[in-house]
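Structural overview for review
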Amino acid sequence: MPKLNPQQQAAVKITEQPLLVLAGAGSGKTRVITEKIAYLVNKGLAARHIAALTFTNKAAREMKSRVEKLLDGQQSRGLRVSTFHSLGLDILRREHKILDYKSAITLFDESDKKTLLKNLINQGIAHCDIDEVDRYATQIGAWKNGFITPEQALTDSEKLDYDAALLYQHYNRNLKAYNAVDFDDLILLPVLLFKHAPETLEKWQNKIRYLLVDEYQDTNITQYELVRLLAGNLGRFTVVGDDDQSIYAWRGAQPENLSQLQTDYPRLKVIKLEQNYRSMGRILKVANQLIANNPHTFEKRLWSELGYGDVLKVLTHKDEQTEAQQIVSELIHHKFHQGGRYHDYAILYRGNYQSRLFEHCLRENNIPYFISGSTSFFSYTEVKDVMGYLRLLVNQEDDAAFLRVVNTPRREIGPTTLEKLGAYANERQISLFNACSELGLSQKLPEKAVIRLKKFCDWTMKTAELIERENNFETIDTMLTEIGYEQWLKENSKTPEAAKRQQKNVTDLVGWLKKMGTSEDAAEADKSLSEVVSKVMLLDILERQEEDEVEEQVSLMTLHAAKGLEFPHVFLIGMEENLLPHQNSIENDNIEEERRLAYVGITRAQRSCTFSYCTHRKRYGEVFETKPSRFLDELPAEDLEWTAKNPVDPKKVKERGKSSLAHLKTMLS
DNA sequence: TTATCCAAGATTTTT
DNA sequence: TCTTGGATAA
């Protein structure tokens, strides 16, 4: 392992003042964080007093394993490397009493959120249009990410959003009644808690004495607030970020948080990492020139010692079909000439749907490939069903879970029954589950329906007790057999294969749950079912599964998913106006973020980066004419080779080889 | 209450 | 093009 360069070393050693590390793409920021943790531990700060925060589970896992290589097992004991969200969950779990939550907190995912909002709208809360739930869901999320409570939203917002704010208020009250929180609450509630209970904050500040934050440019206002609170006045923290790689503004990320630090912490030290250890010079030159079109608060220029490299190709195709075919054949040729491996290649795109054709094409050519994060494990209905059951068993107030499973498999409890039950529960301000055993219900519903509901509730109670008593995850199997879930899958899937696959997902899920339940992490003791259930909701599982599959496979993923990764050879496809930059971003005048997205894509490449665009593309099933992306025009023409515009001339190829060699020499001297 | 069919509508990124 | 949701029929 090469030595740290002077800037990196400085970043590791500054521990007595708040530190901002501006780390360009490929400049070894993860290394700085991991080395710094090791440095702190070696200096005598116990690992259990250090916390490193990331945005993805993957990043957390990677970081953790790298730290563990630097320290021996004893030393890294108690070290906290986790996502913001799991830290939040942890805080909530331990401090639930202060927030007046019961211990088994349920985590609502995006679809639970929407279902609840729909219900509220249907109940006539505020004058909201049911067709706009998506908008309301986003708005409420934005408020939570922006550290705005319903009360503030109600007073601040214009008439236009007044109803949304009202909805927000009711939504929160309902969540509370269900003893549930949503993703955004995992950050927001701890912050509110810390603001209102200084002694609790102090306890946590004492627990976490040094804080490191990865991808700091992705923090939103609430997350920054959390960082500030935890870091306290001493400002014992290091944040690492790159404003040029901020691509999550749509999710509330505030790259301004980078410069905000300077105001909030006058003693802040700033270090720039500009040496890139990933890409060849020409790739960096192209990337630098592209991103120079964006305004900057911190100027930064990446350079590398890895040689200059070949021109970047730009391929033109007549439609997306040919794009896929030609890219795949280009990839095959390239691999043949270079003698590389499939996992050296990545195909990056703007939207997930673009992967389809490529998948097809790769399969036809018998090329192994791997798609990262297209359909999340948790969007599979069978997984949601099983999770729904578990959630209900852990927390009977969880209406979302109740609605999900009450009639799956069929129990002859249809929408009419549920609607009446819902109205009744709402009137009495109790959960659906509790409403089932109320005597007054028989006045609203026919005898038969009440009996069916009662039967379901009795079964739930019985099973919940069983699980609590035995504290044994094997009970999950018993439960699944009892409800005949396997049978139901068989009857309800289109093909026997689909049923088999679904069954496998269920067994996998249950298997993981069991494993997590029995102290998979040596540091932690056995977990209760409720802990496991909410932990699992944070998507830990899916990503773990992905991990085993990256060998000898071409990677396909969105530009967003590619952040933090690197590949020797990158194909950046669909470089078209309205696609990258995406139409919505053009309309909302947010080209800069799209440019950063392109920048992220280019800077993934180590040795070669190939662009492609189509002249025609099918959208909504109709063929449209398309134009090459404006970003291609922003790149230095001398470093690009447009294969269609100027067919390759063998003479030129030679010249180019010479000139790049010359360039290399000047760079090295 | 459930199943099926047809039409309309949506396509960005996700912890 | 594909998915989702609504309406209608059994």
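What comes next concerns the included structure. Values in this document were obtained by computation on a predicted structure and should not be read as measured data.

Calculation notes
- Residues numbered from 1 in each chain as written.
- Chains lettered and ligands numbered in written order.
- Predicted model: local features only at pLDDT ≥ 70, side-chain atom pairs only at ≥ 80, totals over all residues.
- Heavy atoms only, no water.
- Salt bridge = Lys/Arg side-chain N within 4 Å of Asp/Glu carboxyl O.
- Helix = DSSP H or I, 4+ residues; strand = E, 2+ residues; numbered from the N terminus.
- Buried < 20%, exposed > 50% of the residue type's maximum accessible area, 1.4 Å probe, protein only.
- Arc of directions from axis to C-beta.
- Contact = heavy atoms within 4.5 Å.

Right, let's talk about the pattern of salt bridges for a bit. Scanning the model with the defined rule gives 47 salt bridges in all. Where Arg 66 meets Glu 62, a salt bridge forms, and the shortest distance between an N and an O atom there is 3.3 Å. Taken together, the positions of Arg 66 and Glu 62, both in helix α3 (residues 57-70) and four residues apart, correspond to about one turn of that helix. Here Arg 617 and Glu 576 are joined by a salt bridge, their closest N and O atoms 2.8 Å apart. Placement of Arg 617 in strand β17 (residues 616-619) and of Glu 576 in the loop between β15 (567-572) and α27 (583-587) is noted, with a sequence separation of 41 residues between them. Residue Arg 617 shares its accessibility class with Glu 576, and that shared class is buried. Connected via shared salt-bridge partners are Lys 29, Asp 214, Glu 215, Asp 218 and Lys 563.

It is worth spelling out helix α15 (residues 355-364) at this point. Those residues of α15 not exposed but buried are Ser 355, Phe 358, Cys 361 and Leu 362. Down the axis of α15, the sector holding all buried residues measures 130°, keeping them to one side. Projecting away from the buried face of α15 at angles above 90 degrees are the exposed residues Arg 356, His 360, Arg 363 and Glu 364. Contacts from the buried residues of α15 go to α14 (320-338), β12 (345-349), β13 (369-371) and β14 (554-558). Looking one or two residues beyond α15, the residue adopting positive phi is Asn 366, at roughly 55°.

For the peptide bond that leads from Leu 580 to Pro 581, omega is 0°, which places it in the cis range. Turning to its location among the elements, Pro 581 is positioned in the loop between β15 and α27. Of note in the backbone geometry, Asn 179 takes a positive phi value of approximately 55° without being a glycine. Locating Asn 179 in the fold gives a position in the loop between α8 (159-177) and β5 (180-182). The residue Asn 366 is not glycine, and still its phi comes out positive at about 55°. Along the chain, the position of Asn 366 falls in the loop between α15 and β13.

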